[in-house]
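Architecture and fold: a report
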Amino acid sequence: DVKVTQSSRYLVKRTGEKVFLECVQDMDHENMFWYRQDPGLGLRLIYFSYDVKMKEKGDIPEGYSVSREKKERFSLILESASTNQTSMYLCASSTSRRGAVYEQYFGPGTRLTVT
Amino acid sequence: AQSVTQPDIHITVSEGASLELRCNYSYGATPYLFWYVQSPGQGLQLLLKYFSGDTLVQGIKGFEAEFKRSQSSFNLRKPSVHWSDAAEYFCAVGDSWGKLQFGAGTQVVVTP
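Described in the following lines is the structure provided in the data block. (Residues numbered from 1 in each chain as written. Chains lettered and ligands numbered in written order. Predicted model: local features only at pLDDT ≥ 70, side-chain atom pairs only at ≥ 80, totals over all residues. Heavy atoms only, no water.)

On to the environment of A:Asp38, then. Residues and elements named next belong to chain A. Examined against the element boundaries, Asp38 turns out to sit in strand S4 (residues 31-38). In this structure the C-alpha to C-alpha distance between Asp38 and Ser8, which are 30 residues apart in sequence, comes to 18 Å. Residues contacting Asp38, with those up to four places away along its chain left out, are Arg44, Thr86 and Ser87. (Helix = DSSP H or I, 4+ residues; strand = E, 2+ residues; numbered from the N terminus. Contact = heavy atoms within 4.5 Å.)

Here is the structure:
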């Protein structure tokens, strides 16, 4: 079974703090993704990575950065947390092969509250 | 760019009744289509996927979906819902790079 784990289920931070969200997958997947989920908006892609040390912006990258130093780990960083970043954050991974699209496997999510 | 519309934000269905969730997509090439389910407080679980071939796709938990290219739709169905099917359901379309675009989701409530 593919397993995607996220470092925290719930997190409360103060405005201006630097926040790290960690994601680890155990299936040697090439692709990793960070989404935020807000009611009525579905999942929106923040950043994704196709390989170690590679990153691409998604639809809403502003206020976020990412790091992928090892294949199994993909970190989302909020440099200076703001209240409008209060949300559910979901990490996902997938394998890749040219011309094929494989399903993404999701972690349980981190509910971040910024006060 | 691809996009996904789930017209129904909220659906209430009686236990044992049939369920159909609508999904319309916009994508310039052959779409890769997915349905995911999210139970309260959980991550997303894949129900089924369509890449090519038979347009009627069977998934887990008794769900199926039909791809209709002429209508740009990929509707999800279940003949008889169980209380455990209460959840939020997301339709998604994928591009050839593996990125997914999700719809806003449909919340399903199951009544006794």
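Let us look at the nonpolar core. Core analysis: the biggest nonpolar cluster contains 26 residues, and B:Trp35, B:Leu48, B:Leu76 and B:Tyr89 have the highest contact counts within it. Put simply, the parts of the chain that give this core at least two residues each are strand S2 (10-14), strand S3 (19-21), strand S5 (32-38), strand S6 (44-50), strand S8 (64-68), strand S9 (73-78), strand S10 (87-94) and strand S12 (106-111) of chain B. Aside from chain neighbours lying at most four places away, what touches B:Leu76 is B:Leu19, B:Glu20, B:Leu21, B:Trp35, B:Leu47, B:Leu48, B:Phe63, B:Glu64, B:Ala65 and B:Tyr89. Within the second largest apolar cluster, 20 residues are counted, among which are A:Val4, A:Leu11, A:Cys23 and A:Val66. (Core = buried A, V, L, I, M, F, W, Y, C linked by side-chain atoms within 4.5 Å. Buried < 20%, exposed > 50% of the residue type's maximum accessible area, 1.4 Å probe, protein only.)

With that settled, the discussion passes to the pattern of salt bridges. This structure, assessed with the given rule, holds 11 salt bridges over all chains. Across the pair A:Glu69 and A:Lys53 runs a salt bridge whose closest N-O atoms are separated by 2.4 Å. Here A:Glu69 is found in strand S7 (residues 65-70), whereas its partner A:Lys53 is found in the loop between strand S5 (42-49) and strand S6 (56-57), with 16 residues between them in sequence. Among the ionic pairs, B:Arg77 bridges to B:Glu64, the shortest N-O distance being 3.3 Å. With B:Arg77 in strand S9 and B:Glu64 in strand S8, this residue pair connects regions lying 13 residues apart in the sequence. For B:Arg77, a relative accessible area of 24% puts it in the partly exposed group. When salt bridges that share partners are traced, they join A:Arg36, A:Asp38 and A:Arg44 into one network. (Salt bridge = Lys/Arg side-chain N within 4 Å of Asp/Glu carboxyl O.)

This part is about the state of the cysteines. When the sulfur atoms of two cysteines share a covalent bond, that bond is a disulfide. Summed over the entire model, instances satisfying the criterion amount to two disulfides over all chains. Note that A:Cys23 is cross-linked by a disulfide to A:Cys91, the S-S spacing being 1.9 Å. Taking the sign of the S-S torsion, about -80° here, the bridge from A:Cys23 to A:Cys91 comes out left-handed. Of this pair, A:Cys23 sits in strand S3 (residues 19-25) while A:Cys91 sits in strand S9 (residues 87-94), and the two are 68 residues apart along the sequence. The side chain of B:Cys23 participates in a disulfide bridge whose partner is B:Cys91; the two sulfur atoms lie 1.9 Å from each other. Judged by the sign of its S-S torsion, about -65°, the cystine formed by B:Cys23 and B:Cys91 is left-handed. Note that B:Cys23 is positioned in the loop between S3 and strand S4 (24-26) and B:Cys91 in strand S10, a separation of 68 residues in sequence. (Disulfide = S-S within 2.5 Å.)

This brings us to the interface of chain B and chain A. Counting residues at the interface gives 23 residues for chain B, matched by 23 residues for chain A. Note on chain B versus chain A: buried area summed over both sides is about 1800 Å², and carbon and sulfur give 54% of it. Among the residues chain B hides against chain A, the three largest losses belong to B:Leu44, B:Lys99 and B:Phe102. Together they make up 25% of the total. Where chain B meets chain A, there are one salt bridge. Across the pair B:Lys49 and A:Glu103 runs a salt bridge, and its minimum N-O distance is 2.7 Å. The interface formed by chain B and chain A holds five residue pairs in polar contact (both at pLDDT 80 or more) in total. Those elements giving two or more residues to the side of chain B that touches chain A turn out to be S5, S6, S10 and strand S11 (100-102) of chain B. Broken down by element, the side of chain B that touches chain A gets its largest block of residues, four residues, from S5(B). (Buried area = accessible area lost by both parts, 1.4 Å probe. Polar contact = N/O pair within 3.5 Å; in protein donor to acceptor, adjacent residues only side chain to side chain.)

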